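Residue-level listing of the chains:
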Amino acid sequence: MEDKDNIKESEKLEIVQERYINPYTDFGFKKLFGTEMNKDLLISFLNALPGTSSLGITDVQYLNSEHLGDGYGDRRAVFDVYCQTADGGRIIVEMQKAEQEYFKDRSLYYSTFAIREQAPKGQKWNYRLEDVYTVGVLNFKFPEEEYPADSFFHEVKLKDVEDNHIFYNKLTFLYLEMPKFNKHEDELVTMFDKWMFVLRNLSRLLERPKALQDRVFEKLFQQAEIAKYTQEERREYEASVKNYWDYFSTMKTAVDKGRAEGRAEGRAEGRAEGRAEGRAEGEAIGADKKNRDNARKMKAKGYAIEDIADITGLTTEEIAAL
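Rules of the game
- Residues numbered from 1 in each chain as written.
- Predicted model: local features only at pLDDT ≥ 70, side-chain atom pairs only at ≥ 80, totals over all residues.
- Heavy atoms only, no water.
- 1 Å grid on protein atoms, 1.4 Å probe; cavity = no way out; pocket = protein on both sides within 12 Å on 5 of 7 lines; lining within 4 Å.
- Points joined across faces, edges and corners; volume = space filled by probe spheres on them.
- Helix = DSSP H or I, 4+ residues; strand = E, 2+ residues; numbered from the N terminus.
- Nonpolar A, V, L, I, M, F, W, Y, C, P; charged D, E, K, R; others polar.
- Buried < 20%, exposed > 50% of the residue type's maximum accessible area, 1.4 Å probe, protein only.
- Right-handed = clockwise from strand over helix to strand, strands pointing away.
- Pairing = 2+ DSSP bridges.
- Axes fitted to C-alpha atoms, helices over the stretch in contact; angles between N-to-C directions.
- Contact = heavy atoms within 4.5 Å.
- Salt bridge = Lys/Arg side-chain N within 4 Å of Asp/Glu carboxyl O.

Moving on: empty space enclosed by the protein. Per the stated rule, a full pass over the model turns up two cavities of 30 Å³ or more. Estimates place the volume of the largest cavity at around 70 Å³. In terms of lining, the largest cavity is formed by E94, Q96, F103, R106, S107, Y110, T134, G136, L138 and Y175. If you list the elements that add at least two residues to the lining of the largest cavity, you get β5 (90-96), α4 (103-116) and β6 (132-138). Of all the elements, α4 adds the most residues to the lining of the largest cavity, at four residues. Among the residues forming the lining of the largest cavity, the class breakdown is four nonpolar, four polar and two charged. Looking at the second largest cavity, its volume works out to about 40 Å³. In terms of lining residues, the second largest cavity is bounded by L55, T85, D87, G89, I91, D131 and Y133. The class makeup of the residues in the lining of the second largest cavity is three nonpolar, two polar and two charged.

Written out as structure tokens, the structure reads:
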């Protein structure tokens, strides 16, 4: 019990000592990117991404981030940030805290809501769709064999497997593997580098780095400074941080439990295999002894060594040594 209390106190201390919010928390991410007051931060971030920079976004309209299915009881989708560009394109921005078994399925499922809602109700339609982008800020890595260790940005589209041309250009998935981004402040050149650095390191910074002197980052650091929050905002942020750490604690407990069960199962299998191998080895030794006893008797009765070898499977040398 004492250890748990110490952990809780250390977590509270960590929150107090942070100068800037953690963007990986629900509160932090939506504070920076999901409010009308800070939509210029979102626009700058989207224009910095290699997959959306060509759009030249000048304004966005926030859309309802909670979507229900078509029928009663259908599963809903809740986006972290959901917006529409001036030319009608839809952009979903999601912060994914930890790896999920069916993450890609979830990502594809969420994109369907932005597609289906474009169908007009009660009128004719020629099925023309606007662009749909899903941006995933991932606090985990894809399986090691999927992408190189230094590849942290991925743009995914529907392609023809025969000649690799883009089959459909209006559905795009952009994924940022944040743990792979390891550039230091003196290596930040592009706005994309700068945004990646901010997202990766914001809660660990004590002041705004010199490399981030752009006006948009001046505003970001102002909006991220915990000391400027109201008491209600601080409570919301602290609750969000607690949920963040509770989530990881639950995940770690599940992983540790799985490992422990795996070790126990391995030991049990090892013991069982050891017993089975022991029995097999004993049976083999017994069979060999019986074989040699029979060979010895046959040799004593004057059987030819070649005949004894054919019957017992022993070599002529082994029979001669009996």
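What follows concerns the pairing of β6. Counting buried residues along β6, seven of its seven residues qualify, which places the element largely inside the surrounding structure. Of the two faces of β6, the one lined by V132, T134, G136 and L138 and the one lined by Y133, V135 and V137 are each fully buried. For the crossover that starts at β5, traverses α4 and ends in the parallel β6, the hand is right-handed.

This part takes up the sheet that holds β5. One open sheet holds the six strands; their spatial order is β1-β4-β5-β6-β8-β7, and the pairing between them is mixed. Here the strands that pair on one side only, and so sit at the sheet edges, are β1 (60-62) and β7 (153-159). Strand-to-strand twist across the sheet, computed as the mean angle between neighbouring axes with direction ignored, equals 25°. Of the strand pairs in this sheet, β7 and strand β8 (residues 166-177) are connected by six bridges, and their pairing is antiparallel. Considered in β8, the bridge of E155 is made with L174. Across the sheet, helix α3 (residues 39-48) lies against β1, β4 (81-85), β5, β6 and β8, angled at about 125° from β1, the strand it touches most. Sitting on the sheet, α4 touches β4, β5, β6 and β8, and the angle it makes with β5 is about 150°.

Of all 11 residues in helix α5 (residues 191-201), nine are buried; the element is thus mostly enclosed. Every buried residue belonging to α5 is among F192, D193, K194, W195, M196, F197, V198, L199 and N201, and all of these are buried. On its buried face, α5 is in contact with α2 (26-33), α3, β6, β7, β8 and α6 (215-224).

By the definition in use, this model includes 16 salt bridges. For E225, the salt bridge identified is with R19, shortest N-O distance 3.4 Å. Here E225 is found in the loop between α6 and α7 (231-300), whereas its partner R19 is found in the loop between α1 (2-17) and α2, with 206 residues between them in sequence. Its salt-bridge partner being E130, residue R128 comes within 2.7 Å of it at the nearest N-O pair. The network of salt bridges with common partners includes R19, E225 and K228.

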